[in-house]
Amino acid sequence: MLIDTHSHIYLPEFDEDRTEVVNRAKAAGVAHIILPNVDKETLEPMLALEATEPEYFSATIGLHPTSVNAAYKDELVWVKHELDRRPYCAIGEVGIDLYWDKTFRREQIMVFEQQLQWAIEYDLPVIIHQRDAFDDTIACVEKYNCDKLRGIFHSFGDSVEFARRILSLGNFYLGINGVVTFKNSKLSSVLEQLSPDNLVLETDAPYLTPVPYRGKRNESAYVLLVAQKLAEIYHLPIGEIGAITEQNSRELFRLD
Ligand SMILES: [Zn+2]
């Protein structure tokens, strides 16, 4: 079985056919889907989808770096309130993104550090998003790293050196999605130098759609295409890739 550790199928892109999307995921062998939150706006649709099948979906809570602005203090109060209000399976997605805008770099770092501290305090895994901000991001995680801190560097697409630095933290996995199927991506050759034991699968639906559907809307069923590509890279049966990454995900999110 497969676990999609990163899917935003609660977004409006799926309002027309969400039931079919979920049925296709099940038919493709997806046993569980993690729904990472973005900000206040996404909370309600995310929780509504989780409520349809709480044993199939798990929601997370957190403030995404691209949603960090001058009002970040109020947003953090809201995240803390949610953490105390009901159980979530992870803190996410959180991190630093300097690709779109560097204006709030300092604020992004403060918000990320606060959420890393909550991950430790509430004993939850953390789903990390970083874009054009590896140095800042890893510096924050290294600062708070301890036995309790665990999680995923979601949408990993960096070098072997960066991968080794993440893995040397001790309790972190690399989240691999459709990018690994892109012809211009060096990720396959990076992964060849790493063990599949360090990986979890994800889609980041509706984004980063794998080949041959690149450019179209992504959905959780396509996590199978990511698993197929990893089976090719590691010369392992796809069932083996499924078993390894499912085990990693179940342990990390304490799904059983
Ligand atoms: Zn995401």
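Keep in mind the model is a prediction, meaning the values are calculated, not measured.

Colleague: Got a minute to help me understand the overall build of the chain in this structure?
Modeller: Within the chain one finds 9 helices and 8 strands. For 256 residues, the compact-globule estimate of 2.2 N^0.38 gives 18 Å, and the C-alpha radius of gyration of the chain, at 17 Å, lies within 12% of that figure. Reported as C-alpha extents along the three principal axes, the dimensions of the chain are approximately 45 × 40 × 35 Å. Counting over 256 residues, the chain shows a buried share of 45%. Within the chain, counting contacts between residues at least 6 apart in sequence, those at least 24 apart form 73% of the total.

Colleague: Honestly, the sheet that holds strand β8 (residues 199-201) in this entry has me stumped. Any pointers?
Modeller: Strands in a sheet are paired, the pairing made by backbone hydrogen bonds, and the direction either parallel or antiparallel. Spatial strand order, β4-β5-β6-β7-β8: 5 strands in an open sheet with parallel pairing. Looking along the sheet, the strands with just one partner apiece sit at the ends: β4 (91-97) and β8. With strand direction ignored, the average angle separating the axes of adjacent strands in the sheet is 30 degrees. Here 3 bridges tie strand β7 (residues 172-176) to β8, and the two strands are oriented parallel to one another. Its bridge partner lying in β8, G175 is registered against V200.

Colleague: In this structure, what is going on with the environment of V226? I would like to understand it.
Modeller: Here V226 shows up in helix α8 (residues 223-234). Residue V226 is classed as buried on the basis of its C-beta count, with 25 C-beta atoms lying within 10 Å. With 196 residues separating them in the primary sequence, V226 and V30 have C-alpha atoms 12 Å apart. Those residues in contact with V226 that sit more than four places away from it in its chain are I176, N177, G178, V180, T181, L201 and P210.

Colleague: Is there a simple way to explain the sheet that holds strand β1 (residues 2-4) in this structure?
Modeller: Across the sheet, which stays open at both edges, the 3 strands sit in the order β1-β2-β3 with parallel pairing between neighbours. Each edge of the open sheet is held by one strand with a lone partner, namely β1 and β3 (57-59). Between one strand and the next, the sheet's axes are offset by a mean angle of 15 degrees, whatever the strand orientation. As defined by bridge partners, β1 adjoins strand β2 (residues 30-35) across 3 bridges and the pair is classed as parallel. Along β2, the bridge assignment pairs I3 with H32. Most of the contacts of helix α2 (residues 40-52) go to β3, to which it runs at about 150 degrees, and overall it touches β2 and β3.

Colleague: I keep staring at helix α9 (residues 238-253) and nothing clicks. Help me out?
Modeller: Each turn of an α-helix holds 3.6 residues, which means side chains three or four residues apart point in the same direction. Between its terminal C-alpha atoms α9 stretches 22 Å, which fits the 22 Å expected from 16 residues at 1.5 Å a residue. Taken together, the buried positions of α9 are occupied by I241, G242, I244, T245, E246, N248, S249, L252 and F253. Buried residues along α9 sit in contact with β1, β2, β3, β7, β8 and α8. Just beyond α9, the residue with positive phi is R254, at close to 50 degrees.

Colleague: What exactly am I supposed to notice about the environment of Y99 here?
Modeller: Structurally, Y99 is set in the loop between β4 and α4 (105-121). Using a count of 12 C-beta atoms within 10 Å as the deciding quantity, one classes Y99 as exposed. Residues Y99 and E142, 43 residues apart in the sequence, show an inter-C-alpha distance of 22 Å.

Colleague: It is not clear to me how the pairing of β2 should be interpreted in this structure. Could you clarify?
Modeller: Strand residues, when the strand is regular, have side chains that alternate between the two faces of the sheet. With respect to burial, β2 is a largely interior element, 5 of its 6 residues being buried. Crossover handedness for the path β1 to helix α1 (residues 18-27) to β2: right-handed. Bridge count for β2 against β3 is 3 bridges, and the pairing is parallel. The partner of L35 across the bridge, within β3, is A59. Remark: the β2/α2/β3 crossover connection has right-handed handedness.

The rules behind these values
- Residues numbered from 1 in each chain as written.
- Predicted model: local features only at pLDDT ≥ 70, side-chain atom pairs only at ≥ 80, totals over all residues.
- Helix = DSSP H or I, 4+ residues; strand = E, 2+ residues; numbered from the N terminus.
- Rg over C-alpha atoms; globule rule 2.2 N^0.38 Å.
- Buried ≥ 20, exposed ≤ 12 C-beta atoms within 10 Å, placed from the backbone.
- Contact = placed C-beta atoms within 7 Å.
- Pairing = 2+ DSSP bridges.
- Axes fitted to C-alpha atoms, helices over the stretch in contact; angles between N-to-C directions.
- Expected span 1.5 Å × (residues − 1).
- Right-handed = clockwise from strand over helix to strand, strands pointing away.

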